[in-house]
Amino acid sequence: MVNRVPIGVVINPFAKSNIRNGDREHSVRQIVGDLGLVRLTHRPEDLADVMREFIEKGVLHVVYMGGDGTAQVGMTAMIKEVKALYPEGVSSDELLYFPYVHPANAGTINFTAKLAQINGTPEENLERLVFACERGVAFETFPLQTLKIITYDKNDPSTILGEEYGFVFGDGGVTNFLEKYYGNGDSVETAKFVWQMLSFVGRHAEDFVTGTQFVTKRLDKLVDQTAYEIDRPGVIKALRIIGKGLTSFAARTNFHRSLLRPKNAKVTIDGEELPYTQFNALGAGSLAINSIGIKPFYRLPSRNDAGNLHVYAADLSYGGLIWTFLKGWSGRYNFNFERGVEKLAQHMRLETTVPGRYTLDAELKNHSTVIEISRGPKLLVPMIYGDLPSLEY
C-alpha cells in the first residue's frame, strides 16, 4: 500500500458539541489542510461509504468527530471494510491493516476519549495529531479492546442478521432506561406541538407589547432554543428519569418497575448456562470505563491487554440496584448478586423467545432471538495528547 493518506476525519453534524459549534467543519478543514480527508456523515449508513474510502486510500489515522455513538458506528464500519478488503490478513490478534483511531471528545459522555486521556477540545486534539504527522513524532499506543456482537435467529444460526463492534453492551434495565431517555415518536410530536404553541403565543404577545421586529426575532430564537431542549437527550433528561424512578420507588407507583422490567432469556457464559431466566441487569464490557465516579467493569485494568470481558447477569430489586450503585460510588465493588453472576469471561450468549433491543455504547440496537458477545479486534489510540513539545512552529 503506497501513498497513504495521513488523516481522515469523520464529522457527525448532529453530535452535541458539533451542534453548538456550527463552524466546526470549516475549522477542521483548515487544521487538516492537505494532510487528509474530511467527511460529514448525516446518517449512520453514510459511515460505511466513508470508511470504505478511507481504507481504500490507506488512511493512517481516523478521527471520529462526534461522541461514543459516532465512534461505535464508525469503528463497526471500519472493521467490516477491513475484513472485506483483506480477509486473509485480518484476525482478532493480527491487525495489520487497521488505522489508528482517535475519539475526538466531541460528544456527551466520551468515555473512550477519557479512558485514553484525550481531554482537549476537538480542535486542540486535531492540531496535536497534525503536529505529530508533520513532525513524524514517535508515539506509544493505548489499546481499545472491542466487543463483537452478532445476532441471529435461533432456528437459523448460519444467517447473521446483525454484526456490531463496540465497548459496552447492556440489556434489561439499561435498555428500558435508554428507551425512555431517547424517547419515541410521540414525545417528538409533543415537543413540536409545544414549540408551535410557544412560538405563536410568544410572537403575538410580544408584538402586542412592543411591535418591534428586533424583539420578535430575539424571542423566536429563545423559544426555538428552549423547545429544542424539551425532549433532547442529555444530562438533564437522564436526571429527570432517575428522579422520577426514585420518586416512584418511594411512592410505590409503577414507573420504577418499568425501568427494571426483566428480560426473559437463557444466558450462557463461557459455555455454562445460568439457572435463572429473568434478568434486569445484563452487561458486558471490554474497557475499564469510569462513569460519574463508578467503574462498572472494575475487574478490567485500565489497559486491557489480556482482552478479557467483564460480564454481568442478574435480577435486582430497585432497592438492590440503589445499594449496588452506592457501593460502586463509594469504591466498594465485589457486588455478590443473590440471583446472578459477574466475572471475567470470553463469551456470553443470550437466547430469547422474541426479537427485541439491546444497547451498545449507549445506543439502541435491534436483535433477533440470539445475541452472542465475544472479543473483537483490538484497536490502537496513539498517545500523543499529553506531553508533545510546544505546537508553535
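Student: Got a minute to help me understand the environment of G170 in this structure?
Tutor: Structurally, G170 can be placed in strand β7 (residues 168-172). Relative accessible area serves as the criterion here: at 3%, G170 is assigned to the buried category. For the pair G170 and G283, spaced 113 residues apart in sequence, the C-alpha separation works out to 4.4 Å. Not counting chain neighbours up to four residues away, the residues in contact with G170 comprise T175, L282, G283, Y358 and T359.

Student: Would you mind showing me how to read the packing of aromatic side chains here?
Tutor: Two descriptors summarise a pair of aromatic rings, namely the distance from one centre to the other and the angle between the planes of the rings. A full pass over the atoms with the stated rule returns six aromatic pairs. On the numbers, 6.2 Å between centres and 15° between planes, the contact of F177 with Y181 is stacked. With F177 and Y181 both in helix α7 (residues 173-182) and four residues apart, this pair spans about one turn of that helix. Taken together, a centroid distance of 6.4 Å and an interplanar angle of 70° make the contact between Y276 and F279 edge-to-face.

Student: I would appreciate a short explanation of the pattern of salt bridges in the present structure.
Tutor: Where charged atoms from two side chains of opposite charge come close, those side chains can pair. Per the counting criterion, the structure on display carries 16 salt bridges. In this structure, E351 engages K154 in a salt bridge whose closest nitrogen and oxygen atoms are separated by 4.0 Å. Taken together, the positions of E351 in strand β15 (residues 347-351) and K154 in the loop between β5 (141-152) and β6 (162-166) put the pair 197 residues apart, joining distant regions of the chain. Judged by its relative accessible area of 18%, E351 falls in the buried class. In this structure K154 comes out as partly exposed when scored by relative accessible area, which is 33%. As a salt-bridge pair, D171 and K263 come within 3.0 Å of each other at their nearest N and O atoms. Here D171, found in strand β7, pairs with K263, found in strand β8 (residues 263-264); they are 92 residues apart in sequence, far enough to count as distant. The exposure class of K263 is buried, given its relative accessible area of 14%.

Student: Can you help me understand the nonpolar core in this one?
Tutor: A general trend in soluble globular proteins is that nonpolar side chains are found buried together. One finds V9, M51, M65, M78 and L126 to be the most contacted residues of the largest nonpolar core, which totals 56 residues. The element best represented in this core is helix α4 (residues 68-85), accounting for seven residues. With residues up to four places along the chain from it excluded, the contact list for M65 reads V9, V10, I11, N12, N18, R24, V28, A104, A106, P122 and L126. Among the nonpolar cores identified, the runner-up in size contains 21 residues, and I149, V267, I269 and A345 belong to it.

Student: Sorry if this is basic, but what is going on with the sheet that holds strand β13 (residues 309-314) here?
Tutor: The strands making up a sheet associate through backbone hydrogen bonding, with each pair oriented either parallel or antiparallel. Strands sit in the order β14-β13-β12-β7-β16-β17 across an open sheet of six strands; the sheet is antiparallel. Only two strands of the sheet have a single partner each, and these edge strands are β14 (340-345) and β17 (363-367). Averaged over all pairs of adjacent strands, the angle between strand axes in this sheet comes to 20°, irrespective of strand direction. Bridge analysis of β13 against β14 gives six bridges, and the strand direction is antiparallel. In the sheet register, H310 faces β14, and the bridge partner there is L344. α7 rests against β7, β16 (356-360) and β17 of the sheet, and its axis sits at about 90° to β7.

Student: Whenever I open this one, unusual backbone geometry confuses me. Can you help?
Tutor: Residues other than glycine predominantly adopt negative phi, and peptide bonds predominantly adopt the trans conformation. If you check the backbone angles, D270 has positive phi at about 50° while not being a glycine. When you line up the elements, D270 lands in the loop between β9 (266-269) and β10 (272-273). Phi is positive for A362, close to 65°, though the residue is something other than glycine. Since its relative accessible area comes to 27%, A362 is described here as partly exposed.

Student: Please clarify how the sheet that holds strand β2 (residues 36-40) should be interpreted in this entry.
Tutor: In space, the four strands of this open sheet follow the order β2-β1-β3-β4, with parallel pairing throughout. In this open sheet, the two strands that pair with only one neighbour each are β2 and β4 (100-103). When strand polarity is set aside, the average angle formed by the axes of neighbouring strands in this sheet is 15°. Those strands touched by helix α2 (residues 24-32) are β1 (7-11), β2 and β3 (61-65), and its axis lies near 170° from that of β2. Contacting β1, β2 and β3, helix α3 (residues 46-56) crosses the sheet at an angle of about 175° to β1.

Student: I would appreciate a short explanation of the pairing of β6 in the present structure.
Tutor: In regular strands, side chains alternate between the two faces of the sheet. Within β6, four of the five residues are buried, leaving the element largely enclosed by the surrounding structure. Sheet analysis places β5 next to β6, joined by five bridges and oriented antiparallel. Each residue of the ladder has a partner; that of L147, found in β6, is G166.

Conventions used here
- Residues numbered from 1 in each chain as written.
- Predicted model: local features only at pLDDT ≥ 70, side-chain atom pairs only at ≥ 80, totals over all residues.
- Heavy atoms only, no water.
- Helix = DSSP H or I, 4+ residues; strand = E, 2+ residues; numbered from the N terminus.
- Buried < 20%, exposed > 50% of the residue type's maximum accessible area, 1.4 Å probe, protein only.
- Contact = heavy atoms within 4.5 Å.
- Phe/Tyr/Trp six-rings, centres within 6.5 Å; stacked < 30°, edge-to-face > 60°.
- Salt bridge = Lys/Arg side-chain N within 4 Å of Asp/Glu carboxyl O.
- Core = buried A, V, L, I, M, F, W, Y, C linked by side-chain atoms within 4.5 Å.
- Pairing = 2+ DSSP bridges.
- Axes fitted to C-alpha atoms, helices over the stretch in contact; angles between N-to-C directions.

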